[in-house]
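Structural characterization, general
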Amino acid sequence: MEQDDDRPPADAATALRLIRDQQAATASRLEPDARLLYWPWGMAWLVGFGLFFLRFSPDGRVLVRLPDWLPLTVLFVLLAAASVVQAIAGARAYGQVTGDSARRGRWYGFAWALGSVSVYVGVGRVSDHLPHDLAALLWSATAVGLTGALQMAGGAIWLDRNLFRLGVWISVINVVGAIAGPGWHALVVAVAGSGGILVAGTTSRLRQRHRP
């Protein structure tokens, strides 16, 4: 005897509803958890730039006596870990995607990688000739500025308002922090930058869960 689940839909409305349900289920499987794309970066900025502020505070003050190498090392390690988490989440979600969407993703990831390397190499050639506080400001402001610009570009590519707004927010606070000067920039990025990323991840996740 044929099961009810194997029977065709009784009418067009039921068929349309089934198609929409399948489309929603497919989109859910192919879209990575937004928390994995945002939260690791937010925590990296909070801890890494927070250590920068504690060790290299404004006016040459030291709030917590840490080795000079520790803040930058911790920041790079956390950023590398965030990149790995994001890459794994993206690969699992988009591994079956082909066509223009897959090509955009590959090219965007390549832009992140090559853009970061080219910028950091240039900054490295200049920073050795600057006082330590200005060199640290140059590194951090350049890295944060590149992040904001690429996030705005990503928002424009995928028409993602949340990502574009986050890029705008990061770019604005980067300007504010750079104008405030060494030490203050690290505090602004640690608090406002990481906060913006964590909020963006939470908002995106809520939209995923409540998407019809």
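Our structure's up above, just so we're on the same page.
An account of the accompanying structure is given in this report.

What counts as what
- Residues numbered from 1 in each chain as written.
- Predicted model: local features only at pLDDT ≥ 70, side-chain atom pairs only at ≥ 80, totals over all residues.
- Heavy atoms only, no water.
- Patch = residues over 30% accessible without salt bridge, like charges linked within 9 Å, V, L, I, M, F, W, Y side chains within 5 Å.
- Areas by Shrake-Rupley, 256 points an atom, 1.4 Å probe, with all protein chains shown as cover.
- Salt bridge = Lys/Arg side-chain N within 4 Å of Asp/Glu carboxyl O.
- Helix = DSSP H or I, 4+ residues; strand = E, 2+ residues; numbered from the N terminus.
- Buried < 20%, exposed > 50% of the residue type's maximum accessible area, 1.4 Å probe, protein only.
- Polar contact = N/O pair within 3.5 Å; in protein donor to acceptor, adjacent residues only side chain to side chain.
- Contact = heavy atoms within 4.5 Å.
- Core = buried A, V, L, I, M, F, W, Y, C linked by side-chain atoms within 4.5 Å.

Taken together, the side chains of Phe-164, Val-168, Val-172 and Val-176 present a nonpolar region at the surface, about 300 Å² in accessible area. Within the secondary structure, Val-176 sits in helix α6 (residues 161–180). For Val-176, a relative accessible area of 47% translates into the label partly exposed.

Attention now goes to the side chain of Ser-194. Note that Ser-194 resides in helix α7 (residues 184–210). For Ser-194, a relative accessible area of 3% corresponds to the buried category. Of the polar contacts made by the side chain of Ser-194, one reaches the backbone oxygen of Ala-190; its length is 2.3 Å. Residues within four places of Ser-194 in sequence aside, it is in contact with Gly-42, Trp-45, Leu-46 and Val-189.

For the rest of this paragraph, the subject is the side chain of Thr-147. Considering the arrangement of structural elements, one finds Thr-147 in helix α5 (residues 132–158). With residues up to four places along the chain from it excluded, the contact list for Thr-147 reads Trp-45, Trp-112 and Ile-170.

If you look at the biggest cluster of nonpolar residues, it comprises 22 residues, and the most contacted ones within it are Tyr-38, Trp-45, Phe-49 and Ile-197. Among the secondary structure elements, those contributing two or more residues to this core are α2 (34–55), α3 (70–94), α5, α6 and α7. With sequence-adjacent residues up to four places away left out, Tyr-38 is seen in contact with Asn-162, Leu-163, Leu-166, Ile-197, Ala-200, Gly-201 and Ser-204.

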